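Breakdown of the fold
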Amino acid sequence: MEDKNLYQQKILEILKSDPAMSKEFIDYCLLLLAEKGYNLPPALISQMALDLSMRLEAFITSYILNSLPYEAYQEIEKMALEEKEYTQEDYNNFLNKYLPNYKEIVKQAIEDFRNTFLGLE
């Protein structure tokens, strides 16, 4: 598969299917913007949070993709191309098999994103 976006989209779908991980990225980004101290009109802040949330999602998926073994990519490709409706159990099985510590990886990715955004590194 030559399109890395397909991998990223499937990883994001897997993450958002987990109730514990489906926290709204936009809400988190609104908090980041407030922490950064931006004093802008609400409409502009909302648009910035939306843009920042897309960047956060891309950052997290890249972080996860870099943590997966090669075999996982083959399974992601299969899941992305199959005409099957995957369940939460299917996704949990995938994560348990290839990335049992994914919650810690996501937490670290979010922390690294925050530190980079706030210039704390």
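Everything below is about the structure printed above this text.
None of the values given here were measured: they were computed from a predicted structure.

**Overview of a nonpolar patch on the surface**
Judged by side-chain polarity, Tyr38, Leu40 and Leu44 come together as a nonpolar surface patch covering roughly 240 Å² of accessible area. The topology assignment puts Tyr38 in the loop between helix H2 (25-36) and helix H3 (42-67). Overall, the relative accessible area of 37% leaves Tyr38 in the partly exposed class.

**Regarding the packing of aromatic side chains**
The final tally for this structure, using the stated rule, is five aromatic pairs. Here Phe59 and Tyr63 contribute two aromatic rings whose centre-to-centre distance is 5.8 Å and whose plane-to-plane angle is 40 degrees, an arrangement assigned as tilted. Here Tyr63 and Phe59 lie together in helix H3, a separation of four residues that amounts to about one turn. A relative accessible area of 24% means that Tyr63 is categorised as partly exposed. Note on Phe94 and Tyr98: the rings are 5.1 Å apart at their centroids and 50 degrees apart in plane angle, and the pair reads as tilted. Pair noted here: Phe94 and Tyr98 are both in helix H5 (residues 88-98), with a separation of four residues, about one helical turn. Among the aromatic residues, those joined into a cluster by ring pairs are Phe59, Tyr63 and Phe113. Residue placement shows Lys36 over the ring face of Phe117; its charged tip is 5.5 Å from the ring centre.

**Some words on the nonpolar core**
Ile11, Ile60, Ile64, Leu68 and Phe94 are the most contacted members of the largest nonpolar core, which has 33 residues in total. The set of elements that each furnish at least two residues to this core consists of helix H1 (4-17), H2, H3, helix H4 (70-81), H5 and helix H6 (102-118). Setting aside residues no more than four positions away along its own chain, Ile11 makes contact with Thr61, Ile64, Leu65, Leu68, Ile76 and Phe94.

**Focus: the environment of Ser53**
Within the secondary structure, Ser53 sits in helix H3. For Ser53 and Ile26, which are 27 residues apart along the polypeptide, the C-alpha to C-alpha distance reads 5.2 Å. Each residue touching Ser53, except ones within four places of it in the same chain, is listed here: Phe25, Ile26 and Cys29.

Definitions and limits used
Residues numbered from 1 in each chain as written. Predicted model: local features only at pLDDT ≥ 70, side-chain atom pairs only at ≥ 80, totals over all residues. Heavy atoms only, no water. Patch = residues over 30% accessible without salt bridge, like charges linked within 9 Å, V, L, I, M, F, W, Y side chains within 5 Å. Areas by Shrake-Rupley, 256 points an atom, 1.4 Å probe, with all protein chains shown as cover. Salt bridge = Lys/Arg side-chain N within 4 Å of Asp/Glu carboxyl O. Helix = DSSP H or I, 4+ residues; strand = E, 2+ residues; numbered from the N terminus. Buried < 20%, exposed > 50% of the residue type's maximum accessible area, 1.4 Å probe, protein only. Phe/Tyr/Trp six-rings, centres within 6.5 Å; stacked < 30°, edge-to-face > 60°. Lys NZ or Arg CZ within 6 Å of the ring centre and 35° of its normal. Core = buried A, V, L, I, M, F, W, Y, C linked by side-chain atoms within 4.5 Å. Contact = heavy atoms within 4.5 Å.

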